[in-house]
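Chain by chain, the residues run as shown.
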Amino acid sequence: ARTQPLAVPASELALLLAAAAALCIVPFLWRFFGRFVTIVHELGHAFAGLATGMRVTGITLRMDQGGTTHGVGRWRAVWFGFWGYPSPAVVGAVLVWASAAGFGRAALSVAVVLLALVFLFIRNLQGVLILVGAILAVAVTVVAVPPDTQVHITLAVGLALVLGAARDWWNVVTVHTRRRRELASSDAYILSRKTGVPSAVWLASFAAVIVLAGLASWVLLDGA
């Protein structure tokens, strides 16, 4: 069901931004929300692969907020590898749009269905536990929270996903600059090895999509 298009006063927007920032900055909150960002990151890989006919063989999620998506299809691997870090920001912008248009409740309902489908690909117990927690959190919101409040929650989560994508992007930048022993886990490094294009170009490409998603979210809010 559609609610009234969202009108967000400046004071309320500031509170929502503060809540979104807290999810990404406060260590205790990030410990949980960061795992949700990882789910979206890995789903970005999976959907990019499936969209090009790639065979996705499994997704692994870990309690340390790490994750891996496995797929088969060499020539599609670049598109598959790119849509990890930018995906939370793109999904966040979609949630902001859904909230502004009054489809926040519908967006949460779709999220429950998509998260349930991820069970088809999960290949480890930690991943099952993380996914069950995410599904319960979203499902309880859909069932127990009034629709108008759900729209505001969807907006806050959308903003948090954009900020979470930026945080994860900065984290992978530090892998390339200060924690190079972890390079093998970096999508930018893997793409560089596959294509010969420097990692810095891939990092800049990730950042460009994240920034565009952030700008789109701001424009949507400005018109709300």
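Remember, it's a predicted structure, so these values are computed and weren't measured experimentally.

**Considering the overall build of the protein**
Here's step 1: Tallying secondary structure elements over the protein gives nine helices and two strands in all.
Here's step 2: In sequence order, the protein lays out its α and β elements as α-α-β-β-α-α-α-α-α-α-α.
Here's step 3: Relative to the 2.2 N^0.38 estimate, which gives 17 Å for 224 residues, the radius of gyration of the protein is 17 Å and therefore close to what a compact globule would have.
Here's step 4: Along the first, second and third principal axes, the C-alpha set of the protein runs to 50 × 35 × 35 Å.
Here's step 5: Across the 224 residues in the protein, those meeting the buried criterion constitute 46%.
Here's step 6: The contacts in the protein between residues at least 6 apart in sequence include a share of 70% that link residues at least 24 apart.
Here's step 7: Only carbon and sulfur atoms are counted for the fraction: they give 70% of the accessible area of the protein, which is about 11200 Å².

**Describing the pairing of strand β1 (residues 55-61)**
Here's step 1: With five of seven residues buried, β1 lies mostly within the body of the structure.
Here's step 2: Joining the antiparallel neighbours β1 and strand β2 (residues 67-72) is a turn of five residues, in which Gln65 adopts a positive phi near 75°.

**Describing the packing of helix α5 (residues 104-117) against helix α7 (residues 147-177)**
Here's step 1: The contact between α5 and α7 brings their axes to 7 Å, and the two run at 70°. For the element pair α5 / α7, the angle class is roughly perpendicular. Every pair of crossing elements has a handedness; the one defined by α5 and α7 is left-handed. Residue-level contacts link Gly104, Arg105, Ala107 and Leu108 of α5 to Pro147, Gln150, Val151 and Thr154 of α7.
Here's step 2: Taken together, the residues that form the contact of α5 with α7 break down as four nonpolar, three polar and one charged.

**Structural notes on the environment of Arg123**
Here's step 1: Tracing the chain through its elements places Arg123 in the loop between α5 and α6 (125-144).
Here's step 2: According to the relative accessible area criterion, Arg123 is partly exposed, its value standing at 48%.
Here's step 3: Once the C-alpha coordinates of Arg123 and Thr57 are considered, the two residues, 66 residues apart in sequence, prove to be 9.0 Å apart.
Here's step 4: Among all residues touching Arg123, those that are not within four sequence positions of it are Thr57, Gly58, Ile59 and Thr60.
Here's step 5: There is a polar contact of 3.1 Å between the side chain of Arg123 and the backbone oxygen of Thr57.

**Quick notes on α6**
Here's step 1: Between its first and last C-alpha atoms α6 spans 28 Å; for 20 residues at 1.5 Å apiece the expected length is 28 Å, and the two agree.
Here's step 2: Those residues of α6 lying buried are Gly127, Ile130, Leu131, Ala134, Ile135, Val138, Thr141 and Val142. What you see down the axis of α6 is that its buried residues fit within an arc of 130°, all on one side. The exposed residues of α6 that point more than 90 degrees off its buried face are Leu125, Leu136, Val140, Val143 and Ala144.

What counts as what
In this numbering scheme, every chain counts its residues from 1 along its sequence in written order. The predicted nature of this model means local features are confined to residues of pLDDT at least 70 and side-chain atom pairs, given and counted, to a pLDDT of 80 or more, with totals for whole chains, interfaces and linings taken over all residues. In computing side-chain values, all of the structure's heavy atoms are included and hydrogens and water are not. Numbering of helices and strands runs from the N terminus; a helix is a DSSP stretch of H or I covering at least four residues, while a strand is a stretch of E covering at least two. Throughout, the radius of gyration refers to the C-alpha atoms, and the reference size of a globule is 2.2 Å times the residue count to the power 0.38. Type-normalised accessible area, obtained with a 1.4 Å probe on protein chains alone, sets the label of each residue: buried when under 20%, exposed when over 50%, and partly exposed for intermediate values. We call two residues contacting when some pair of their heavy atoms lies within 4.5 Å. Throughout, the Shrake-Rupley method with a 1.4 Å probe supplies accessible areas, and for residues the shown protein chains are the sole cover considered. Strand pairing is assigned whenever DSSP identifies at least 2 bridges connecting the two strands. To get an axis, fit a line to the C-alpha atoms, keeping to the stretch in contact for a helix; angles then go from 0 to 180 degrees between the N-to-C directions. Any angle that falls under 35 degrees is termed roughly parallel, while one over 145 is termed roughly antiparallel, one within 65 to 115 roughly perpendicular, and all others oblique. Working rule for handedness: look at the near helix, and if it is turned counterclockwise from the far one by less than a right angle, call the crossing left-handed; if clockwise, right-handed. Only Asp, Glu, Lys and Arg are considered charged in this grouping, and only Ala, Val, Leu, Ile, Met, Phe, Trp, Tyr, Cys and Pro are considered nonpolar; every other residue, Gly among them, is considered polar. Any pair of nitrogen or oxygen atoms within 3.5 Å is treated as a polar contact; in protein, a donor-acceptor pairing is required on top of that, and neighbouring residues in sequence qualify only through side-chain atoms on both sides. The span one expects for a helix is its residue count, reduced by one, times 1.5 Å. Directions drawn from the helix axis to the C-beta atoms are what define this arc.

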